[in-house]
Amino acid sequence: MDVVEEFALPLAIEVIADLLGIDASNHQRVRAWSRMLVSPSASSERNTQKTQRLRQVMEDFVTYLTHLCAERRRRPRPDLISALIMAEEAGDQLSQDELFSMVLLILIVGHETSVHLISNCVLNLAERPALAAILRESPEQIPAAVEELIRFDGPVERATMRFVAKDMRWHGATLRRGDGVSLILASAHRDPGCCPAPDVLDITRTGVKHLGFGLGPHYCLGAPLARIEAQIAINTLLQKLPGISLALPRAQLRWHSNPILHGVKQLPICWPDR
Ligand code: HEM
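Keep in mind the model is a prediction, meaning the values are calculated, not measured.

S.K.: Hey, could you run me through the coordination of the iron atom of the ligand in this one?
M.R.: A four-donor tetrahedral metal ideally has 109.5 degree angles, and a six-donor octahedral metal ideally has angles of 90 or 180 degrees. There is one protein donor for the iron atom of the ligand, and it is Cys220 (SG), at 2.3 Å. As for its placement among the helices and strands, Cys220 is situated in the loop between helix 8 (185-189) and helix 9 (223-240).

S.K.: Looking at this structure, how should I read the site of the ligand?
M.R.: Taken together, 23 residues are adjacent to the ligand, and Thr113, Thr160, Arg162, His218 and Cys220 come closest. Within the contact set of the ligand, an oxygen atom lies 2.6 Å away from a side-chain nitrogen or oxygen of Arg162. Separating an oxygen atom of the ligand from a side-chain N or O atom of His218 is a distance of 2.8 Å. Contributions of two or more residues to the shell around the ligand are made by helix 5 (96-126) and helix 9. Here the shell around the ligand gets six residues from one element, more than from any other, and that element is helix 5.

S.K.: Explain the state of the cysteines here, please?
M.R.: The term disulfide refers to a covalent linkage connecting the sulfur atoms of a pair of cysteines. The tally for this structure, following the rule as stated, stands at zero disulfides. A disulfide-free cysteine, Cys121 has its sulfur positioned 14 Å from the sulfur of Cys220, the nearest such atom. A residue is classified by how much of its surface remains accessible, and Cys121, at 1% relative accessible area, is buried.

S.K.: Even after reading the chapter, I still don't get a nonpolar patch on the surface, so can you show me in this structure?
M.R.: Side chains of Leu94, Met102, Leu105 and Val109 sit close together on the surface and give an oily, nonpolar patch of about 310 Å² of accessible area. Relative accessible area serves as the criterion here: at 33%, Leu94 is assigned to the partly exposed category.

The rules behind the values
Residues numbered from 1 in each chain as written. Predicted model: local features only at pLDDT ≥ 70, side-chain atom pairs only at ≥ 80, totals over all residues. Heavy atoms only, no water. Donors = N, O, S within 2.8 Å, 3.2 Å for Na, K, Ca; no water. Helix = DSSP H or I, 4+ residues; strand = E, 2+ residues; numbered from the N terminus. Near = heavy atom within 4 Å. Polar contact = N/O pair within 3.5 Å; in protein donor to acceptor, adjacent residues only side chain to side chain. Disulfide = S-S within 2.5 Å. Buried < 20%, exposed > 50% of the residue type's maximum accessible area, 1.4 Å probe, protein only. Patch = residues over 30% accessible without salt bridge, like charges linked within 9 Å, V, L, I, M, F, W, Y side chains within 5 Å. Areas by Shrake-Rupley, 256 points an atom, 1.4 Å probe, with all protein chains shown as cover. Salt bridge = Lys/Arg side-chain N within 4 Å of Asp/Glu carboxyl O.

So, in structure tokens, the structure goes:
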């Protein structure tokens, strides 16, 4: 099976759409919209036909959200959209635009990252049958394994862009106010200052503070959810399909060419007949 299309993507979409309060009958539509919005053409203005299609997708999505939010305003339910509508700080509520941006942000970051987290974990386990067998026998080790897999081969390669607040020197380089700085998390994770033998995947490590979910005020809002999703996904897959392996050589895997996300387009795996 293809782990991305047939396992990680449906799981991640179901979870985040359900949490937001999108009815199950609309999950497929939302999945198609959000795939379209994060496709590489979404950031390219050059292809007018694609830009028009994208605008149409955006308009359909906004129409859908307008109806959904109006419905939740009338009849709130125990879901995140209702909570965002009712959220209030110092008498101030989210405007319609702020609400839509928030829903879109949560929907898109809430599944693209999780899909790559789950598939990167499965990829590494499919290549390491002995480790997969240990985790199958001792599922209590899965949470630590997920943390190490995030460090070793996490789905978010870089943080979002930062800008220098004042002129400064940093490790011999001069940074000017307003300069853009790209923080490469994947590089920090393979730095010997991060842990001993950083190029080795070792689930018995303790006390490693990885940056896979960021740090500081922008620390990932979805970290607890993403962790649980990955832990459940791996446990379920290992229990149901013992002996998974890659169905093609690693060199033939095709990777997304996204500067922030690190993940494969498809992940074909196989397992022995029982
Ligand atoms: C349930 C799924 C997820 C949701 C809803 C979610 C949501 C978010 C949101 C809203 C932010 C922005 C926080 C801010 O700017 O204040 C964020 C940041 C971040 N998320 Fe997630 N996320 C999810 C999964 C993941 C996963 C699986 C990873 C990687 C293992 C990840 C890594 C990050 C990182 C590194 C940042 C910080 C980016 C930066 O500092 O520039 N997220 N997340």
